[in-house]
Amino acid sequence: MPLVYAGVCSHAPGITGRKHLADPEVSDAFYAAFDDMRSDLETSGAEAVIVIAAEHFANFFMNNMPSFAIGMADFYDGPIEDSGWLGIDKFKAPGNRDLSQRLIAEVMQTVDVAYAEEWLFDHGIAVPLHFLTPQFDLPVIPVNINCQGPPLTPLHRAWAFGEALGRAADAVPEKIAIIGTGGISHWPATPDSGRINYEWDLDFMDRWCRNDRDALLDYDDLNVYADAGQGGFEIRTFMAVSAAAGGAQGTVHFCEPIPIFAVSCTVASYDLSPQEA
Amino acid sequence: MQKFLYELNRSPQLQSDYAADRHAVLQPYTLTDEEVAALTEPDVGKLYVLGVNGQILMHFAALHQIEWQDYLQQMRDGVESYGPVREGVYAMTGYEGTRAHSESLGQEGGI
Ligand SMILES: [Fe+2]
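About the criteria used
Residues numbered from 1 in each chain as written. Chains lettered and ligands numbered in written order. Predicted model: local features only at pLDDT ≥ 70, side-chain atom pairs only at ≥ 80, totals over all residues. Heavy atoms only, no water. Helix = DSSP H or I, 4+ residues; strand = E, 2+ residues; numbered from the N terminus. Rg over C-alpha atoms; globule rule 2.2 N^0.38 Å. Buried < 20%, exposed > 50% of the residue type's maximum accessible area, 1.4 Å probe, protein only. Contact = heavy atoms within 4.5 Å. Areas by Shrake-Rupley, 256 points an atom, 1.4 Å probe, with all protein chains shown as cover. Lys, Arg positive; Asp, Glu negative; His and termini not counted. Charge placed at Lys NZ, Arg CZ, Asp CG, Glu CD. 1 Å grid on protein atoms, 1.4 Å probe; cavity = no way out; pocket = protein on both sides within 12 Å on 5 of 7 lines; lining within 4 Å. Points joined across faces, edges and corners; volume = space filled by probe spheres on them. Nonpolar A, V, L, I, M, F, W, Y, C, P; charged D, E, K, R; others polar. Salt bridge = Lys/Arg side-chain N within 4 Å of Asp/Glu carboxyl O. Donors = N, O, S within 2.8 Å, 3.2 Å for Na, K, Ca; no water. Tetrahedral: all angles 85-135°; square planar, octahedral: opposite > 155°, others 65-115°. Core = buried A, V, L, I, M, F, W, Y, C linked by side-chain atoms within 4.5 Å. Pairing = 2+ DSSP bridges. pLDDT = per-residue confidence, 0-100. Axes fitted to C-alpha atoms, helices over the stretch in contact; angles between N-to-C directions.

Side note on the overall build of chain A
- Helix and strand counts for chain A come out as 10 helices and 10 strands.
- Relative to the 2.2 N^0.38 estimate, which gives 19 Å for 277 residues, the radius of gyration of chain A is 17 Å and therefore close to what a compact globule would have.
- In chain A, which comprises 277 residues, the proportion classed as buried is 64%.
- Sequence-distant contacts, at least 24 apart, represent 80% of the contacts inside chain A between residues at least 6 apart.
- Here chain A has roughly 10,000 Å² of accessible surface; of this, 49% comes from carbon and sulfur atoms.
- Each charge class in chain A was averaged separately, 15 positive and 39 negative side chains, and the resulting centres sit 4 Å apart.

Considerations on empty space enclosed by the protein
All names here are of chain A.
- For the structure shown, the criterion picks out three cavities of 30 Å³ or more.
- There is about 100 Å³ of room inside the largest cavity.
- Taken together, 17 residues form the lining of the largest cavity, with Ala12, Pro13, His123, His186 and Pro188 sitting closest to its centre.
- When its residues are assigned to classes, the lining of the largest cavity shows eight nonpolar, seven polar and two charged.

Section: the pattern of salt bridges
All names here are of chain A.
- For the structure on display, the rule yields 13 salt bridges over all chains.
- Salt-bridge contacts for lysine 92 lead to aspartate 77; the nearest nitrogen and oxygen are separated by 3.1 Å. Residue lysine 92 is found in strand E5 (residues 91-94), and its partner aspartate 77 is found in strand E4 (residues 75-78); the two are separated by 15 residues along the sequence.
- Classification of aspartate 77 by relative accessible area gives partly exposed; the value is 35%.
- For aspartate 98, the salt bridge is made with arginine 102, and the minimal N-O distance between the two is 2.9 Å. Here the residue aspartate 98 and the residue arginine 102 both occupy positions in helix H4 (residues 97-107), the gap between them amounting to four residues, near one helical turn.
- Owing to a relative accessible area of 44%, aspartate 98 belongs among the partly exposed residues under this scheme.
- For arginine 102, a relative accessible area of 30% translates into the label partly exposed.
- Through salt bridges with shared partners, one network takes in Asp98, Arg102 and Glu174.

Some points on the coordination of the iron ion
Residue and element names in this part refer to chain A.
- His11 (NE2), His56 (NE2), Glu234 (OE) and Glu234 (OE) make up the full set of protein donors to the iron ion, lying at 2.0 to 2.8 Å.
- Geometry at the iron ion is irregular, judged from the four donor atoms that bind it and their angles of 51 to 146 degrees at the metal.
- Going along the chain, you hit the donors of the iron ion in the pattern H-x44-H-x177-E. Of this pair, histidine 11 sits in the loop between strand E1 (5-9) and helix H1 (14-17) while glutamate 234 sits in the loop between helix H9 (221-228) and helix H10 (235-244), and the two are 223 residues apart along the sequence. Glutamate 234 carries the same exposure label as histidine 11, and that label is buried.

Side note on the environment of Asp40(A)
Residues and elements named next belong to chain A.
- Relative to the assigned elements, aspartate 40 resides in helix H2 (residues 24-43).
- Since its relative accessible area comes to 36%, aspartate 40 is described here as partly exposed.
- In this structure, the C-alpha to C-alpha distance between aspartate 40 and leucine 132, residues 92 residues apart in sequence, is 9.6 Å.

With respect to the nonpolar core
- Membership of the largest hydrophobic core comes to 139 residues, with the highest contact counts inside it found for Ile15(A), Phe161(A), Phe204(A), Trp208(A), Phe4(B) and Tyr71(B).
- Sorting elements by how many residues they give to this core places helix H6 (residues 155-171) of chain A first, with nine residues.
- Once residues within four sequence positions are removed from consideration, Ile15(A) is found in contact with Ser10(A), Phe30(A), Tyr31(A), Phe34(A), Val127(A), Phe131(A), Phe261(A) and Cys265(A).

With respect to the pairing of E4(A)
Residue and element names in this part refer to chain A.
- Judged by which residues are buried, E4 turns out to be one-sided: Tyr76 and Gly78 face inward and are buried, whereas Phe75 and Asp77, on the alternate face, are not.
- Where E4 and E5 come together, four bridges link them in antiparallel fashion. Paired with glycine 78 across the strands is phenylalanine 91, a residue of E5.

Some thoughts on the confidence of the model for chain B
All names here are of chain B.
- Overall, the predicted model of chain B reaches an average pLDDT of 85, with 82% of residues at or above 70.
- Per-element mean pLDDT across chain B ranges from 48 in helix H7 (residues 98-107) up to 97 in helix H3 (residues 33-40).
- Taken together, the stretch residues 93-101 has pLDDT below 50 and engages in 18 contacts with residues farther than four places along the chain or on a different chain.
- Throughout residues 105-111 the model reports pLDDT below 50, and contacts reaching past four residues in sequence, or to other chains, amount to 11 contacts.
- With pTM at 0.93, the complex prediction returns an ipTM value of 0.88.

Concerning the sheet that holds strand E9 (residues 250-258) of chain A
Residues and elements named next belong to chain A.
- Pairing is mixed across the open sheet formed by eight strands, whose spatial order is E6-E3-E7-E2-E8-E1-E10-E9. If you trace the sheet from one side to the other, it starts and ends with strand E6 (114-116) and E9, each paired once. Ignoring strand direction, the axes of neighbouring strands in this sheet form an average angle of 15 degrees.
- Relative to strand E10 (residues 263-270), E9 is paired through eight bridges, and the arrangement is antiparallel. Bridge assignment links phenylalanine 254 to a residue of E10, and that residue is valine 267.
- Lying on the sheet, H10 is in contact with E1, strand E2 (48-53), strand E7 (140-145), strand E8 (176-181) and E10; it crosses E8 at an angle near 150 degrees.

Shown next, in the form of structure tokens:
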């Protein structure tokens, strides 16, 4: 079936792990945006959620780094991080091996993808799930794009991959939601953590909302690194959702810098209702 | 070096072996003396300068119960004492420490 939900959100570990250090006026509004996202996801009737994350060396390392990977298991354990540090208890999130297989087979028609029957969730997936499916009752199809270890997945390939995911969702009978997670500009886990280029973030989200392929592909890694830090490489996950949503227009529900969380905390979604001719 | 940290971050067993004998768990890896010293001490700032990705290093810092602000400070101190990051993604555009980096970003209109 056509996608029933397409959105993006932040996944920084501080969102859950350093909750108490943020200005509650801003962080409460952000958590409220996550609550709205959860209810939109529930209302959509999604039977499974594809989470496109930029994971952080929890599963994929430079000894064998795939450009794209999709999980193919019935359960996924997480978080890999110390629970106290991340503020999320150990969990077992449901997957759907059979659905994964069908989606992967369809994606493979156009994009070469690695699959993984073992996958430990890190904050890249655990933080969004903590808010969006707090009971861990919705099957997750984890997806990864290499945003960490150069050479990185080229942007236009991330776009092609997103389109392939959209087609794969169309091809299965289940109702599928797709969520991209990552930071926009940020310098995570470095001495510059907390630096945020808010203007750059707003400009990026403007291109994202317009679902403007040319404008989104008009970045290169050196400029992204200079303006948006190595965390900015995670824009690939947001762009894959744009491609999957096939021209739909988006709305930013929340986008405010929260330095102790190291990012402009963001929640946004595409309007997938059929367009009038 | 990053390979060891990647495996350490994933494996509770390796974490307890590391707690028991830091030198012994490093035996199977090809490491320089400087790397072994940084991993056993541990010296977070040196590891950062040697090119360990922050996404790997922050888990290592959490394992050692290093508070977030202290972790950031140790990396800054590392760059101050040992010079710019020598390898990896942060060396990509000639990163020369927080101050130089902030100044160059300031000129480009970044925050
Ligand atoms: Fe990330």
